[in-house]
Amino acid sequence: MRPPPKLSFFDAEHVERPVPAWPWRLLCAAALVATLALAAGWELYWRTHWQEAGDYKNTQALWAQERRKAVGDATVLIGSSRIFFGADLDVWEKAAGGDRPVQLALEGTSPRIFLEDLANDEKFRGLVVSDYTGVLFVQRGGRRDDVLDYVNTESLSQRADHALSKILERRLAFIDEQTRPKRMLFLAPFPPRAGMPERTDPRKIPRMTDDRNAELWTRLMEDEQYRETAKRMWAANNARLSHRIGPGGPMEAVVGDAAAQSVIDEVKANVEKIRRRGGDVAFVRYPFDGPYVDFETNLFPSARFWERLVAETRSAGVSFEDYAELQGYELPEWSHLAPREGERFTKALVPILYEEIRRKSAERAAGR
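Structural notes, computed from the coordinates. (Residues numbered from 1 in each chain as written. Predicted model: local features only at pLDDT ≥ 70, side-chain atom pairs only at ≥ 80, totals over all residues. Heavy atoms only, no water.)

Observations regarding the overall build of the protein
Short version of the rule: Helix and strand assignments come from DSSP, with helices taken as H or I runs of at least 4 residues and strands as E runs of at least 2, each series counted from the N terminus. Our radius of gyration is a C-alpha quantity, and the globule rule it is checked against amounts to 2.2 Å times the number of residues to the power 0.38. Burial status follows relative accessibility: with a 1.4 Å probe on protein chains alone, a residue under 20% of its type maximum counts as buried, one over 50% as exposed, and anything between as partly exposed. Any pair of residues with heavy atoms lying within 4.5 Å of one another is described as a contacting pair. Using a 1.4 Å probe, accessible areas were evaluated by the Shrake-Rupley method; residue-level cover was limited to the displayed protein chains. His is not counted, nor are the chain ends, whereas Lys and Arg count as positive and Asp and Glu as negative. The atom standing in for a charge is NZ when the residue is Lys, CZ when it is Arg, CG when it is Asp and CD when it is Glu.
Helix and strand counts for the protein stand at 15 helices and seven strands. Its C-alpha atoms give the protein a radius of gyration of 26 Å, more than 25% over the compact-globule value 21 Å for 368 residues. Counting only C-alpha atoms, the protein reaches 95 × 50 × 50 Å along its principal axes. Evaluated residue by residue, the protein yields a buried proportion of 45% over its 368 residues. Residue pairs at least 24 apart in sequence account for 79% of intrachain contacts in the protein once pairs closer than 6 positions are excluded. Here the protein has roughly 20,000 Å² of accessible surface; of this, 57% comes from carbon and sulfur atoms. Measuring between centres, the 54 positive side-chain charges of the protein sit 4 Å from its 56 negative side-chain charges.

Digging into the environment of Gly 249
Relative to the helices and strands, Gly 249 resides in the loop between helix H11 (224-245) and helix H12 (257-276). In this structure the C-alpha to C-alpha distance between Gly 249 and Gly 54, which are 195 residues apart in sequence, comes to 44 Å. In contact with Gly 249, other than residues within four places in its own chain, are His 243 and Arg 244.

As for helix H8 (residues 156-169)
Residues separated by three or four positions in an α-helix point in the same direction, a consequence of the helix having 3.6 residues per turn. Under the convention used in this document: Between the first and last residue of a helix there are one fewer steps than residues, each counted as 1.5 Å, and that sum is the expected span. The arc under discussion is defined with respect to the helix axis, by the directions toward the C-beta atoms.
Compared with an ideal rise of 1.5 Å per residue, which puts 14 residues at 20 Å, H8 spans 20 Å between its outermost C-alpha atoms and is within 8% of the ideal. Of the positions making up H8, those classed as buried are His 162, Lys 166 and Glu 169. Down the axis of H8, the buried set is contained in an arc of 70 degrees. They therefore lie on one face. Exposed positions of H8 whose direction lies more than 90 degrees from the buried face are Leu 156, Ser 157 and Leu 164. On the buried face of H8, the contacting elements are helix H2 (60-67).

Quick look at the nonpolar core
Keep this limit in mind: Grouping buried Ala, Val, Leu, Ile, Met, Phe, Trp, Tyr and Cys residues that are joined through side-chain atoms within 4.5 Å yields what is termed a nonpolar core.
Val 76, Trp 92, Tyr 286, Phe 300, Leu 349 and Leu 353 are the most contacted members of the largest nonpolar core, which has 80 residues in total. When residues in this core are grouped by element, the largest group, eight residues, is from helix H15 (residues 339-365). Contact partners of Tyr 286, with chain neighbours within four places excluded, come to Arg 82, Ile 83, Gly 86, Ala 87, Trp 92, Asp 131, Phe 320, Leu 337, Phe 345 and Leu 349.

Concerning the pairing of strand S7 (residues 316-319)
Selection rule: Between any two strands, at least two bridges found by DSSP are needed for them to pair.
Where burial is concerned, the two faces of S7 agree: the one with Ala 316 and Val 318 and the one with Gly 317 and Ser 319 are both buried. In this structure, strand S6 (residues 280-285) lies alongside S7, joined through four bridges in parallel fashion. Across the sheet, Phe 283 pairs through a bridge with Gly 317, a residue of S7.

Considering the side chain of Thr 133
Summarising the element assignment, Thr 133 is placed in the loop between strand S3 (127-131) and helix H6 (134-137). The exposure class of Thr 133 is buried, given its relative accessible area of 7%. When sequence neighbours within four positions are dropped, the list of residues in contact with Thr 133 reads Ser 80, Arg 82 and Glu 296.

Looking at the packing of helix H5 (residues 112-119) against H12
This is how it is decided: For every element, the axis is a line fit to its C-alpha atoms; helices are fit only across the contacting stretch, and the angle between N-to-C directions ranges from 0 to 180 degrees. Any angle between 65 and 115 degrees counts as roughly perpendicular, while under 35 counts as roughly parallel, over 145 as roughly antiparallel, and the rest as oblique. Two helices cross in a left-handed way if the nearer one is turned anticlockwise from the farther one by less than a right angle. They cross in a right-handed way if the turn is clockwise.
Look at H5 against H12: their axes get within 8 Å of each other, and the N-to-C directions meet at 30 degrees. It follows from the interaxial angle that H5 and H12 lie roughly parallel. For the crossing formed where H5 meets H12, the hand is left-handed. Of the residues in H12, those touching H5 at Arg 112, Leu 115, Glu 116, Leu 118 and Ala 119 are Val 263, Glu 266, Val 267, Asn 270, Val 271, Lys 273 and Ile 274.

This is the structure:
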C-alpha cells in the first residue's frame, strides 16, 4: 500500500479559531490605562525616595560613548571613584579656559588599565589626569575592568539600545539599578546567619549626567542611616583589606618595594608612550578622612608609592596634603567629596594642577 502523500503548508486543512465576542478595543484601552497608572505610581514612589529624572545609569555603553571622545588632544580623567565623584566637569571646563575633560574614571577600578589603553591608542595625544588611591592603583584591573572589552565588541544594536535608554532616563526617575526588584531584594537588610560576615555590597553613591559628570547622591547628604551604612561598608572593606595585605597577610607582597617598583615601571613606560606623541600625564591625590587616614598611611606610605611614582615618571603630581587650598573639605562618608565641595575643590585644583604641569614640562625640556 502506498503511503498517503505529504501535505505542504499550503495544502494543510484550514482551522477556524473562534474569537470570543469581547469588547477588544475597550480591553486594550483598559490595559493601557492600567499600565500607565502603575508606571506613574512607580515613578511617583521613587521620586519621593531621592531618585531623579536625568540621573543616568553608569553603564558600559555610557563609558564607551565617552571613550570615543578621548582622541586627539583631549583632556581625559582616569582613575576610580574619588576623581569620578569629585571632579566637576562644568567647573573644570570653566577653570581650564573652555577645555572640558572626558570622564573615564570608574569606581573600584585601577587607573592603570585606562592609562595603558590610552598609551596604546595612536589617535590620542592629549593630557591624562589620573587620580591616585593606593589600594586601587597597585591593583591590575578592578570592579569595572570589563569596559575595555565592551568598547571593542559593542554592536550596533547595543548602541541603539543605549540611545533609546538615554531618552527614557532623561525623563523617568525609576530607571536606575537600585530600583530593580532583583537589586532591591539583593540589598534588603535581612538578618545575617550565624557566623556570616557583614555584607559590604556597594549601594548607590553617585548621581550622573549623560556625559558622566558625577557627584555624590543627594541621599547621602540627607539620609543619615544611608550615610552610616556607607561608612560601615567602607570600614568593613578597609578591615578586610588590611588583614589581607597588611603585615603577615596572604597578599602582603603586593604592597612591598618590589611590587611598587613593578607598578611604577609599567606606568612609566605608558607615560613615555603618550609623551612621544606630544601628550602628557599628571597625577592627583584626592582627599580622604576617617579610617582611610590610617589605612592609606600604614599600607601605602607616600615615600613608598606616591613620591616615587611622581619622581620616576617625571610627572606633575598634586596631593591634597601639600596645599592648604585643597584641605578642609566635607567628606560625608570619608572617601568622597560632598557635591558642592566637589565644585569648590575642582575650582581650587585646576590652576594648581596646570601650573604644576607647565613646571614639570619645562624641567623635562631643560633636561632636569
